[in-house]
Amino acid sequence: MNIRNLPILSKMAVDTNVIKSLYEVHNLFKEDENFNVKKYIKMISSFLEGEKVIKFEDKYIISTFIPPFPSKAFIQNAKAVNNPEDIFTQQIYGKRSAPISIYLCLTHKCPNRCIYCSSKNRLNEEELTTNEWINVINDLQDMKTPIIGLTGGEPMVRDDIYEIVKSIDERSISTLFTSGVNFTLEKAKELKKNGLFSIGISLDSHNKENHNKNRSDNKAFDYAINAIQNSRNAGLYTMAQTVILKENLSEEDLFKLFKLAGENGAHEVKILEPILSGDLLNRENLSNILYSKKDREKLVEIQHKANKISKFPKITTFAYTESQEKFGCGAGTQHSYISATGSLYPCDFVPMDFGNVKAKSIKELWKEMNEVVGIPKIECFAQKINGLVYEKSNGNLPLNKLDSIEICKKNKNEVFPKY
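What counts, and where the lines are drawn
- Residues numbered from 1 in each chain as written.
- Predicted model: local features only at pLDDT ≥ 70, side-chain atom pairs only at ≥ 80, totals over all residues.
- Heavy atoms only, no water.
- Axes fitted to C-alpha atoms, helices over the stretch in contact; angles between N-to-C directions.
- Helix = DSSP H or I, 4+ residues; strand = E, 2+ residues; numbered from the N terminus.
- Contact = heavy atoms within 4.5 Å.
- Nonpolar A, V, L, I, M, F, W, Y, C, P; charged D, E, K, R; others polar.
- Polar contact = N/O pair within 3.5 Å; in protein donor to acceptor, adjacent residues only side chain to side chain.
- Salt bridge = Lys/Arg side-chain N within 4 Å of Asp/Glu carboxyl O.

**Some thoughts on the packing of helix α14 (residues 362-373) against helix α16 (residues 401-410)**
Contact geometry of α14 with α16 gives a least axis separation of 8 Å together with a crossing angle of 35°. Of α16, the residues touching α14 (which contributes E368, V372 and V373) are K401, I405, C408 and K409. Partitioning the contact of α14 with α16 into residue classes produces four nonpolar, no polar and three charged.

The structure is reproduced here in structure tokens:
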């Protein structure tokens, strides 16, 4: 355990709202005959392992993979199973009635052209309307989906963004992902006023030229820094989202990035690795872009070291969060994605079309997909199967449902519970 968490854990231990929420979750789990206090403590400890816990407003952020604690969204997450009588067992096996998080791609439109963008090669069809998105959100919340992300493309290009944000009530935590283009303080305040909890802003490097090169925009770096500052000043939980290419995986450079993000107001820096998607599917030599197992281990080491440095913001990596030691890859189980045209995918980076919300409710579609996908995987599902997905689709993504089902059935390796 990170000993630097001890002061804040001590505060949590005497926080009446924390105690009340822990007791509420305990009462839900205790009806399961496989549950006991020892397993409960082990589960909580696994959540805390490798994390820097921080307090934001009246809540504690353990991991942004799960809702903040305590919150109604956290309780929703605990309840999101099909059979309440063995709720603990289903939770630890990742057998859910809804994903922990789902990202809604409000639009594929974007002013940037990032080399690793997962929105490339998608059909240019009519995007969902305001009412259609709000209906989807209502269904997701009824399913007990605790985290709803609004992404793109660039979601801020939609004129109805504030109305969509306002439709998400406190049963779910809402997060918006943006490149920061023209993201003013007034826009940040309006999002906060309409109920947005957090925002993720793309910042790929402490080096201005490198960031601008990745984004194909010579103003991208300045937009990102200003957006981080405006988000923090508006009272939003502020994250810098960083895609680090293999060739840029350096502790020295990453520490400079962490310092820059923190000095400008970021509460957290989230590090993503490039995934075999978008334009990368057309490239032959990816050795200097995609990570090896050793690269991921190096990144996790940097994360754990950085989280022991008090001046840095909270550091998280998908390499660690989605590892077998933590939650595994949750594509189609713990996490899902709906495209701008309404198609349900297992994940932002897995372009498999499991049906459209215009034709069938998200409740039905997600259940069908989840039954095929199974439970969380030991390795990134996108990295493993996207080459085959691209091949089967003849480059015309997303892949149709029948072929998607066939691939999922053949790739059901799973993460087993640790407690």
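**Topic: the side chain of E127**
Along the chain, the position of E127 falls in the loop between β3 (101-105) and α6 (130-142). Of note is the side chain of E127, whose polar atom sits 2.8 Å from the side chain of T107. Those residues in contact with E127 that sit more than four places away from it in its chain are L106, T107, H108, K109, R158 and A340.

**A few points about the pattern of salt bridges**
Tallying each qualifying case throughout the model produces 18 salt bridges. For E251, the salt bridge identified is with K305, shortest N-O distance 2.9 Å. Here K305 lies in helix α12 (residues 293-306) and E251 lies in helix α11 (residues 251-263), a separation of 54 residues in the sequence. E368 serves as the salt-bridge partner of K360, at 2.9 Å between the closest nitrogen and oxygen. Taken together, the salt bridges that share partners define one network made up of E51, K314 and K326.

**Here we look at unusual backbone geometry**
Note that the residue after F69, namely P70, is joined by a cis bond; omega there is -5°. Assignment of secondary structure puts P70 in the loop between β2 (59-61) and α4 (72-79). A positive phi angle is found at K144, which is not glycine, with a value near 75°. Turning to its location among the elements, K144 is positioned in the loop between α6 and β4 (147-151).

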